[in-house]
Amino acid sequence: MTSHQTTQTMKPATAAKKLGVYLEATPAEFQEGVVSRSELNALQTDPPEWLQELRRNGPHPRPVVASKLGISIAGLARGGVTEPLTTEQIDELKNESPEWLQKERATQAEVRKEAVRIKEKNAARADESGDARS
């Protein structure tokens, strides 16, 4: 009874998401094949030139664009940004700092503050219940 370990593979879209790149901008051989877990690990530890270039200049997928702008993905949509952006386009948006971007950054800052407040409140509550049991 020998167990055969099957190689875990994923669709190119999943691999692109894990690599933080826009699938349509990747080479055709990447888009058309399947990616094994070991291939993904190799791409992450020693990225080829095309991957380095995509990460550096884009086009970037929405989660990366949102992160670089310091806003949420929903904030991107509210701002009318639906297409992938290059690093240059992201930098232009930052420099222009349109009203919607300022508003979304403020919203995101409030969300982060609230998350910290809730975390601290829950930690204090956990400490109190731990003290009560002692």
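What comes next concerns the included structure. Here the structure is a predicted model, which means the values were calculated and not measured.

1. Remarks on the nonpolar core
Within soluble globular proteins, side chains that are nonpolar generally end up buried alongside one another. Among the nonpolar cores identified, the biggest contains eleven residues, and these are Met10, Ala15, Ala16, Leu19, Val21, Phe30, Val35, Leu40, Leu43, Leu51 and Leu54. Looking at this core, the elements that each hand over two or more residues are helix H1 (12–19), helix H3 (37–45) and helix H4 (49–57). Leave out the neighbours within four places in its chain, and Leu43 touches Leu19, Phe30, Pro48, Trp50 and Leu51. Membership of the second largest hydrophobic core comes to ten residues, among which are Val81, Leu85, Ile90 and Leu101.

2. Here we look at helix H7 (residues 87–96)
Along H7, the residues classified as buried are Thr87, Ile90 and Leu93. Buried residues along H7 cover an arc of 120° about the axis, so they all sit on one side. Opposite the buried face of H7, by more than 90 degrees, sit the exposed residues Glu88, Asn95 and Glu96. A positive backbone phi angle near 45° is found at Ser97, which sits one or two residues after H7.

3. A look at the packing of H1 against H3
Two elements in contact, H1 and H3, have axes separated by 11 Å at closest approach and are oriented at 30°. Here H3 runs roughly parallel to H1, going by the angle between their axes. In the packing of H1 onto H3, the handedness of the crossing is right-handed. Each of Ala15, Lys18 and Leu19 in H1 lies in contact with H3, whose residues at this interface are Arg37, Leu40, Leu43 and Gln44. Considered class by class, the residues forming the contact of H1 with H3 number four nonpolar, one polar and two charged.

4. Topic: the side chain of His60
Relative to the assigned elements, His60 resides in the loop between H4 and helix H5 (62–69). Judged by its relative accessible area of 2%, His60 falls in the buried class. One polar contact links the side chain of His60 to the main-chain amide nitrogen of Gly58, over a distance of 3.4 Å. Those residues in contact with His60 that sit more than four places away from it in its chain are Tyr22, Leu54, Arg55, Val65, Lys68, Pro84, Leu85, Thr86, Thr87 and Ile90.

Reading the values: the criteria
Residues numbered from 1 in each chain as written. Predicted model: local features only at pLDDT ≥ 70, side-chain atom pairs only at ≥ 80, totals over all residues. Heavy atoms only, no water. Core = buried A, V, L, I, M, F, W, Y, C linked by side-chain atoms within 4.5 Å. Buried < 20%, exposed > 50% of the residue type's maximum accessible area, 1.4 Å probe, protein only. Helix = DSSP H or I, 4+ residues; strand = E, 2+ residues; numbered from the N terminus. Contact = heavy atoms within 4.5 Å. Arc of directions from axis to C-beta. Axes fitted to C-alpha atoms, helices over the stretch in contact; angles between N-to-C directions. Parallel < 35°, antiparallel > 145°, perpendicular 65-115°, else oblique. Left-handed = near helix turned anticlockwise from the far one by under 90°. Nonpolar A, V, L, I, M, F, W, Y, C, P; charged D, E, K, R; others polar. Polar contact = N/O pair within 3.5 Å; in protein donor to acceptor, adjacent residues only side chain to side chain.

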